[in-house]
Amino acid sequence: SPVLAVLHDANTIDQDLKVHAQKYLSEQVQFEHATKTITLPVLLKIYWEDFGNTKSNVLKWMAQIGGPELAQKMKKFLPTASNAHVASARIEFTDVNWTPILIL
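Every value quoted in this text rests on a predicted model; they were computed, and no experiment measured them.

A word on the sheet that holds strand β2 (residues 30-32)
Overall, mixed pairing links the 3 strands, which are arranged β2-β3-β4 in an open sheet. With partners counted over all chains shown, the strands left at the sheet margins are β2 and β4 (90-93), one partner each. On average, adjacent strands in this sheet sit at an angle of 20° to one another, irrespective of strand direction. Across 3 bridges, the pairing between β2 and strand β3 (residues 37-40) is antiparallel. Residue pairing for β3: Glu32 is matched across the bridge by Thr37.

Shown next, in the form of structure tokens:
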């Protein structure tokens, strides 16, 4: 589960959400290049439609929101003219962990 963060400033909520999303994705997404497998947090499965509804769209969203480090790791999994194996990339999901964690 992602950390529960209390956001205090309505003026910076979009930036704060982006920072927390980047951190969550960088900690939770795992890549296995040898098997072309990406393991995603189960929350992406639960809200799959909200994140793009197709493997290609979800991966593009992750590369955009996840920051430069995650985008670099994802290059081999993003669809491009020279990257035809993307369609065969496997997506797996972690188990859900509902243990609450609070940061203030």
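Here we look at the pairing of β3
Two faces make up the sheet, and in a regular strand the side chains alternate between them. Here β3 shows a buried face lined by Thr37 and Thr39 and a second buried face lined by Ile38 and Leu40. Between β2 and the antiparallel strand that follows it, β3, lie 4 residues; Lys36 among them carries a positive phi value of about 55°. Note: β3 against β4, 4 bridges, orientation parallel. When the bridges of β4 are listed, Thr37 appears paired with Arg90.

Remarks on the nonpolar core
If you look at the biggest cluster of nonpolar residues, it comprises 16 residues, and the most contacted ones within it are Val29, Phe31, Ile38, Leu40, Met62, Leu70 and Met74. Elements that contribute at least two residues to this core include exactly β3, α3 (55-65) and α4 (67-74). Ignoring any residue separated from it by four or fewer positions in sequence, one finds Met62 in contact with Leu25, Val29, Leu40, Leu44, Leu70 and Met74.

With respect to the confidence of the model for the protein
Predicted coordinates in regions of low pLDDT should not be interpreted in detail. Averaged over all residues, the pLDDT of the protein is 83; the fraction at 70 or higher stands at 85%. Taking the mean pLDDT of every element in the protein, the minimum, 70, falls on strand β5 (residues 102-103) and the maximum, 93, on β3.

Things to note about the side chain of Thr39
On the secondary structure map, Thr39 appears in strand β3. Residues in contact with Thr39, not counting those within four places in the same chain, are Gln28, Val29, Gln30, Glu92, Phe93 and Thr94.

Overview of the packing of helix α1 (residues 13-28) against α3
Taken N-terminus to C-terminus, the directions of α1 and α3 make an angle of 115°; their axes are 9 Å apart at the nearest point. Within the contact between the two elements, α1 uses Lys18, Ala21, Gln22 and Leu25 and α3 uses Trp61, Met62 and Ile65. A class-by-class count of the residues in the contact of α1 with α3 yields 5 nonpolar, 1 polar and 1 charged.

How each quantity is defined
Residues numbered from 1 in each chain as written. Predicted model: local features only at pLDDT ≥ 70, side-chain atom pairs only at ≥ 80, totals over all residues. Heavy atoms only, no water. Pairing = 2+ DSSP bridges. Helix = DSSP H or I, 4+ residues; strand = E, 2+ residues; numbered from the N terminus. Axes fitted to C-alpha atoms, helices over the stretch in contact; angles between N-to-C directions. Buried < 20%, exposed > 50% of the residue type's maximum accessible area, 1.4 Å probe, protein only. Core = buried A, V, L, I, M, F, W, Y, C linked by side-chain atoms within 4.5 Å. Contact = heavy atoms within 4.5 Å. pLDDT = per-residue confidence, 0-100. Nonpolar A, V, L, I, M, F, W, Y, C, P; charged D, E, K, R; others polar.

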